[in-house]
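Commentary on secondary and tertiary structure
Below, each chain spelled out in residue letters.
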Amino acid sequence: MLDIELERYELFEQPFYQFGTDRRDFLKLLGGGLVLLLAVDGSARAQESGRAPAMRGDARPPELAAWLHIAEDGAVTVYTGKTEVGQNIRTSLAQAVAEELRSPIETVRLVMADTGLTPYDMGTFGSRTTPTMAPQMKKVGAAAREALIDLAAEKWKVDRASVSLSDGRVKNAATGASLGFGDLTRGLELIKTVDAATVTPPKDWTLEGTSAPKVNARSLVTGAHRFTSDLDRPGMLHGRVLRPPAFGAKLVWVDSKVPEPPEIPDTMIIRDGDFVGAVAPDEISLGKAIRSLQARWTAKEQQPSNADLFAVLKRGDAPPSNPEIEQALQSADHKLDAAYTVAYIAHVPLEPRAAVAEWNADKLTVWTGTQRPFGVRSELAEAFNIPEASIRVIVPDTGSAYGGKHTGEAAMEAARLAKAANKPVKLIWSREEEFTWAYFRPAGVIDIRSGITRDGLITAWEFHNYNSGPSAIETPYDVARHSAQFHPSDSPLRQGSYRGLAATANHFARESHMDDLAALAALDPLEFRLKNLKNDRLRAVLQAAAEKFGWGKSKNEPNRGSGLACGVEKGGYVATCAEIAIVPSDFVGPEVAPAPPQVKIERVVTAFECGAVVNPEHLKNQIEGSVMMAIGGALFESVEFANGRILNPRLSKYRVPRFSDLPVIETVLVDRKDLPSAGAGETPIVGLAPAVGNAIFQATGMRLRSLPMAPRGFVKRS
Amino acid sequence: MELVLNQKHYRIVLDPNRMLLWVLRDEFSLTGAKYGCGEGQCGACTVLIDGAPVRSCITRVSSVAGKQITTIEGLEQNGRLHPVQQAFLDADALQCGYCTPGMILASVGLLQKTSQPGEPEIRRALQGNVCRCGTYPRIIAAVQLAAQQMAAGAPHA
């Protein structure tokens, strides 16, 4: 399955033909001045694409990872295929380049995620921007710095050793002379390929490592920024698609009551196979047009629902047991066998999927909020049977994604409608469409069998994850006999990437289990973990979080508890401590049965280490946001479904964390200037659910093994 | 129909049943008010009507004819940000920024009613506004900062 996907991808991917074959095109595209091109190095490419470079064929022109342009007026623009979705990489990447240019951050402008202008990129996911894109940006920035020094040394006829950059200018230390970048690039038409460049190490950073403010924040607080859904094009119509009543339904027939000729000009119904949509000049006529449609659909046979979900996911033979682990389990002093489940949850990006599509003869331009602009270009090329070179996908900075916008549904739909209407079409998914026709974080079942010695050393560990995913499936603890396996299932619902992927589910199961083992060994949960943990970086965050939290110092009070959890994923090390209280429900009406008590998360301390910190304030912001988002999945978020329909596809029915759910959130940043920077937008999410579950256990003696843990409040089970 | 938008008067022929959100966005290009849910649950579409926050996605345009409508585009005066806008910048109270206009307008509405709200009041006033990126603690800090700035006589108070 996976191989087929990759091959299909290969077939349609045609990066840079227009650029790589004739570099003078860059000057046509960008204008005169100085252009620096950075080739992808083999290791970075393999890492980024998840496949071997050998598959790519040697005849292709070298692929480019990044390019930087210094215009004749000195303006510095750097190009990357990455997407800004709120994780603040527009700022952190500008910091990286400005650091190398010894310039203020305002000197550097980023052009991002535009298949017509930026280098090919697989997509913005997996926390890869900081570890792989930032170093490339730094290389091209460092090369630009050296090129400017060369130009100045030549102009001044001095030794280049006496020339340096600072404050956005090129300076001669001996004479005190200085030049702006534009003084050196005016009249130039120079393209340089970067081979090697010496980048500034973290210990010498002056701009990276500081809390540079978000570069485009002003346009967001004034409403000036145009998200995809805010764009307007001349003659643009609004579009919408007629959705089937359930997953898997097929269209039998459709009839429109829109009078012919349409009573409202420009209103049109478009049918193509199972696809039915409408365009209209405004949202109200569009609604009328869609409601005028009468359609009959075939129903698919009975489909699963929440009630039988976990049985469906675990269908099939039990995995064979591992003899070594069986033996270790047999000889363990204490054994524990437990099953955990996680529900499907929705990303709920506040900006739903949206696209604006515009055809110009056989050329297509689409603006859309996606994490994979080049992937969406491939999807469009395939769907419309046109070359990728005829398609341009542009991603305005987007109203969040969290792994939920890898696909191009809205782009495809807008393009199909625009083609029929022969006018630009904007299509914005409703919240209900986003809740129904996007994809979900996978549900899953996790089984763990383990054994420990009398004094609390883990000797056996067997971990099976059904469907939810393999991320962070391996235990970071030191266990003599261990195995971890992922078993894919046929998911009843469309599922995909989500912030942290399955690391949240796997940490929830593992760290809940660890707490139960600590109880069996009669050890404090912190002590038990440290006893079984050699990894220094993980120990460091665990101890930092415990210290800040005051672990072990809280008094025993009824219905209050503390819990901790730790883990590692994507090069980030996280430990989370949580304090919870079981509180009476706010609302007790006179005529209704009293609502169950609620789990109130009162305080959360997160210690995080991801190598050298690039932007402390933005890192804290990401950690706080991860904690806040994690609260939903931990306590109450769950997609309810039955027989091919989503039962809670609205914000009034699907609860997301709000101000009332906000605990006191404290963060400890462990800054390791001696280590390369890892991504940080995902991993801080993984510790919250198990820390809260462990705190509930301490408060009540109840072990909750299903996410969400308290969808309708805290229900005591025997 | 007469609409008073950011202190400017307009006469326009409109289907009175249209929701204010789409009139602002599609007829006046005031796209700061965002669609988030269409049922008044997320607050991304918040605008001020006679100074009070309302959900424009469920407000018929006919019901606000002649009233003072303030959108995010109307807060900045002479190139100078409203203290609440400035405080959101200073507190780094945003990530993707999609909820930000609604959050700012709901906060402005709160501060017009209560000049020095405590944290519980801020939470209550903003309970209907969702920030999926989870910048809630920073938004509270921003509202408190703005309240201080406005008490100290920052413009727009």
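Procedures and definitions
Residues numbered from 1 in each chain as written. Chains lettered and ligands numbered in written order. Predicted model: local features only at pLDDT ≥ 70, side-chain atom pairs only at ≥ 80, totals over all residues. Helix = DSSP H or I, 4+ residues; strand = E, 2+ residues; numbered from the N terminus. Buried ≥ 20, exposed ≤ 12 C-beta atoms within 10 Å, placed from the backbone. Expected span 1.5 Å × (residues − 1). Domains from an automatic or database assignment. Contact = placed C-beta atoms within 7 Å. Nonpolar A, V, L, I, M, F, W, Y, C, P; charged D, E, K, R; others polar. Pairing = 2+ DSSP bridges. Axes fitted to C-alpha atoms, helices over the stretch in contact; angles between N-to-C directions. Parallel < 35°, antiparallel > 145°, perpendicular 65-115°, else oblique. Left-handed = near helix turned anticlockwise from the far one by under 90°.

What follows concerns the overall build of chain B. Regarding its fold elements, chain B presents five helices and five strands. Overall, chain B shows an N-to-C arrangement of helices and strands of β-β-α-β-β-β-α-α-α-α. Over its C-alpha atoms, taken along the principal directions, chain B stretches across nearly 40 × 30 × 25 Å. Across the 157 residues of chain B, 55% fall into the buried class.

Let us now look at unusual backbone geometry. Residues and elements named next belong to chain A. Residues leucine 707 and proline 708 are joined by a peptide bond in cis, for which omega reads 0°. With respect to the helices and strands, proline 708 occurs in the segment after β28 (706-707). One non-glycine residue, tyrosine 402, lies in positive phi territory at about 55°. You can see tyrosine 402 is positioned in the loop between β17 (391-394) and α13 (409-421). We note that asparagine 467 has phi near 75°; this positive angle belongs to a residue other than glycine. Structurally, asparagine 467 can be placed in the loop between β20 (458-466) and β21 (481-487).

All names here are of chain A. For helix α12 (residues 373-384), built from twelve residues, the straight-helix expectation of 16 Å at 1.5 Å per residue is met to within 8% by its first-to-last C-alpha distance of 16 Å. With nine of its twelve residues buried, α12 lies for the most part within the structure. What α12 keeps buried is the set Pro373, Phe374, Gly375, Val376, Arg377, Ser378, Glu379, Leu380 and Ala381. Positive backbone phi, at 55°, marks asparagine 385, one or two positions downstream of α12.

The next thing to look at is the domain arrangement of chain A. All names here are of chain A. Domain parsing of chain A yields domain 1 (2-221), domain 2 (228-300 + 353-428) and domain 3 (503-707). Opposite the 22 residues of domain 1 that make contact, domain 2 presents 21 residues. Contributing elements (two or more residues each) for the side of domain 1 that touches domain 2: α1 (2-12) and α2 (17-20). Its residues assigned to classes, the side of domain 1 that touches domain 2 shows seven nonpolar, ten polar and five charged.

All names here are of chain A. Most of β20 is tucked away: nine of the nine residues are buried. Here strand β19 (residues 444-452) runs beside β20; their pairing, made up of eight bridges, is antiparallel. Among the inter-strand pairings, isoleucine 452 is bridged to a residue of β20, identified as isoleucine 458. From the end of β19 to the start of β20, which pair antiparallel, there are five residues, and glycine 456 there has a positive phi angle of about 90°.

Moving on: the domain arrangement of chain B. Residue and element names in this part refer to chain B. Under the domain assignment, chain B is made up of domain 1 (2-74) and domain 2 (83-151). Of the residues lining the interface, 14 residues belong to domain 1; the matching set on domain 2 comes to 13 residues. Secondary structure elements with two or more residues in the side of domain 1 that touches domain 2: β3 (46-49) and β4 (52-55). Here the side of domain 1 that touches domain 2 gets three residues from one element, more than from any other, and that element is β3.

What follows deals with the packing of helix α15 (residues 503-520) of chain A against helix α19 (residues 688-700) of chain A. Residues and elements named next belong to chain A. With their axes 8 Å apart at the nearest point, α15 and α19 run at an angle of 30° to one another. By the angle between their directions, the pair α15 and α19 is classed as roughly parallel. As α15 packs across α19, the resulting crossing turns out to be right-handed. Residues Thr504, His507, Phe508, Glu511, Ser512 and Asp515 of α15 form the contact with α19, whose own contacting residues are Ala689, Pro690, Gly693, Asn694 and Phe697.

Here the focus is the sheet that holds strand β23 (residues 572-583) of chain A. Residue and element names in this part refer to chain A. The strand order across the open sheet built from four strands is β22-β23-β24-β27, with neighbouring strands paired in mixed fashion. Edge positions in the sheet fall to β22 (560-569) and β27 (664-669), since each of these pairs with one other strand and no more. When strand polarity is set aside, the average angle formed by the axes of neighbouring strands in this sheet is 15°. In the sheet, strand β24 (residues 598-609) pairs with β27 via six bridges, with the strands oriented parallel. The residue of β27 that forms the bridge with arginine 603 is valine 664. Contacting β22, β23 and β24, α19 crosses the sheet at an angle of about 155° to β22.

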